[in-house]
Amino acid sequence: MRAEAQNNVEKIQKSLELLKQRLGWETAQHRLEEFDARMEDPNLWDDPANAQKLTKDRQALVTAMDTYSALKQEMEDSVELIELGEMEEDEEVVSDAEATLKSLVEKAAKKELEALLDGETDGNDAFLEIKSGAGGTEACDWANMLARMYVRWAEKRGFEVELQEETPGTEAGIKSATYQIKGQNAYGWLKSESGTHRLVRISPFGKGTRETSFAAVGAYPVIDDNIEIEVNPADIRIDTYRSSGAGGQHVNTTDSAVRITHHPTGIVVTSSEKSQHQNRDIAMKALKSRLYQLELDRRNAEVNALHEAKGDAGWGNQIRSYVLQPYQMVKDLRTNHETADTSGVLDGDLDPFMEATLAMQVSGKSRADARAED
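Conventions used here
- Residues numbered from 1 in each chain as written.
- Predicted model: local features only at pLDDT ≥ 70, side-chain atom pairs only at ≥ 80, totals over all residues.
- Heavy atoms only, no water.
- pLDDT = per-residue confidence, 0-100.
- Helix = DSSP H or I, 4+ residues; strand = E, 2+ residues; numbered from the N terminus.
- Contact = heavy atoms within 4.5 Å.
- Axes fitted to C-alpha atoms, helices over the stretch in contact; angles between N-to-C directions.
- Parallel < 35°, antiparallel > 145°, perpendicular 65-115°, else oblique.
- Left-handed = near helix turned anticlockwise from the far one by under 90°.
- Polar contact = N/O pair within 3.5 Å; in protein donor to acceptor, adjacent residues only side chain to side chain.
- Buried < 20%, exposed > 50% of the residue type's maximum accessible area, 1.4 Å probe, protein only.
- Pairing = 2+ DSSP bridges.
- Salt bridge = Lys/Arg side-chain N within 4 Å of Asp/Glu carboxyl O.

Focus on the confidence of the model for the chain
Considering every residue of the chain, the mean pLDDT works out to 83; 84% of them sit at 70 or more. For the chain, per-element mean pLDDT is lowest for helix α10 (residues 367–373), which scores 45, and highest for helix α8 (residues 342–346), which scores 97. Throughout residues 370–374 the model reports pLDDT below 50, and contacts reaching past four residues in sequence, or to other chains, amount to two contacts.

Encoded structure:
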């Protein structure tokens, strides 16, 4: 086997070993059998919340087991083809198998990163908040572009997206929007997006000048029943009001919108998409999510500083720049990962940026630094 192919096999084996350790391969089959036994309980769905969690946990285990087995089998098949091709001096077979190994290195590395999403709430659904910042109408339009970008990203992953609240801009775009993103590891991936996003472009509103706009993104885990968050009723104010919006596919207008204000922290959450009872429940979950994230931030100040006051209106927490004029470039300021494919990024191709941030959090260095050492 040629040196490059052998090197790729070793990289894949390292990724497989990490996946195996994270999965606990030796006991995985036994745990799956336990899940299956519990799923057969005729009274399982008497407690829908517990049943849904059990189903979700089982599916996560099955997916992890299938991923490990498929990667391992594909590597072994490729190695076998290379050995067979070399024996028969069939260069085409060898080259095709080597190309498969090369692509498998990236696939295995990506699954390795996903396996590192093992924080207490990484596997949970997420609330995603987007707020326009400095830049007036331009910023509202930018916030709307970001909302579309994240919805497209979620849809490409097969996640379910629910709009919880939306406040339209005065002239265009949105002042704010809150989504609930439902899917395995939704929060684990989206947490890397919290911060300020900066856009530079020629104004589309008739000015013809180059404008800089800002929008803030915040991701928070949806808290399940396994995590206790106590909220003192004396610390909150609950208001109901008539929701107003631009209407359309995602925005309903109701008399049942709910706003909860948490006085000690100043956190305000709203929900305006369901009945008043449902809105109250959704808003309370969102508040608990924010309070949980706030506590994580206090314990892990070096990981993110969502609630620190930095500069004007908090825009000092800038994480990424999107430049459309005079050149095309999206660059993450934490990892230095960049691309000239701005249209792809704005259409939801965010995985490389999220992966680079996760890799940096795990290794303590950016992907660019890691590659420079290879």
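Thoughts on the packing of helix α3 (residues 48–87) against helix α4 (residues 91–115)
Two elements in contact, α3 and α4, have axes whose closest approach is 9 Å; the angle formed by their N-to-C orientations is 160 degrees. It follows from the interaxial angle that α3 and α4 lie roughly antiparallel. When the axes of α3 and α4 are compared, the crossing they make is left-handed. In contact with Thr-67, Leu-71, Glu-74, Met-75, Ser-78, Leu-81, Ile-82, Gly-85 and Glu-86 of α3, α4 contributes Val-93, Val-94, Ala-97, Glu-98, Thr-100, Leu-101, Leu-104, Lys-107, Ala-108 and Lys-111.

Here we look at the side chain of Glu-98
Position of Glu-98 relative to the elements: it lies in helix α4. Looking at Glu-98, its side chain comes within polar contact range of the side chain of Arg-2, at 2.9 Å. Look past the residues within four positions of Glu-98 in its chain and what remains in contact with it is Arg-2, Ala-5 and Ile-82.

Brief notes about the pairing of strand β4 (residues 195–202)
In terms of burial, β4 is a largely internal element, six of the eight residues being buried. Looking at chain direction, β4 and strand β5 (residues 210–221) are connected through eight bridges and run antiparallel. By the bridge assignment, Leu-199 is partnered in β5 with Ser-213. Pairing of β4 with strand β9 (residues 318–323), which is carried by five bridges, proceeds in the parallel orientation. Counterpart to Val-200 in the pairing with β9 is Val-323.

Here we look at the sheet that holds strand β6 (residues 236–241)
What the three strands build is an open sheet, ordered β6-β7-β8; its pairing is antiparallel. Either end of the sheet is taken by a strand with one partner, and the two such strands are β6 and β8 (267–271). For this sheet, the mean angle separating the axes of adjacent strands, direction not counted, is 15 degrees.

Details of the pairing of strand β7 (residues 257–262)
It is a general feature of regular strands that their side chains alternate between the two faces of the sheet. β7 sits mainly inside the fold: five of its six residues count as buried. Pairing analysis gives six bridges linking β6 to β7, with the strands arranged antiparallel. The partner of Ile-236 across the bridge, within β7, is His-262. Here β7 runs beside β8; their pairing, made up of five bridges, is antiparallel. Looking at β8, one finds that Ile-260 is bridged to Val-269. Between the end of β7 and the start of β8, which pair antiparallel, lie four residues, with Gly-266 showing a positive phi angle near 80 degrees.

Focus on the pattern of salt bridges
Following the criterion strictly, the structure yields 24 salt bridges and no others. With its nearest N and O atoms 2.7 Å apart, the salt bridge here joins Glu-76 to Lys-72. Here Lys-72 and Glu-76 lie together in helix α3, a separation of four residues that amounts to about one turn. Residue classification places Glu-76 among the partly exposed positions, given a relative accessible area of 33%. A salt bridge links Lys-156 to Asp-347; the nearest nitrogen and oxygen atoms lie 3.9 Å apart. Of this pair, Lys-156 sits in helix α5 (residues 136–156) while Asp-347 sits in the loop between α8 and α9 (351–363), and the two are 191 residues apart along the sequence.

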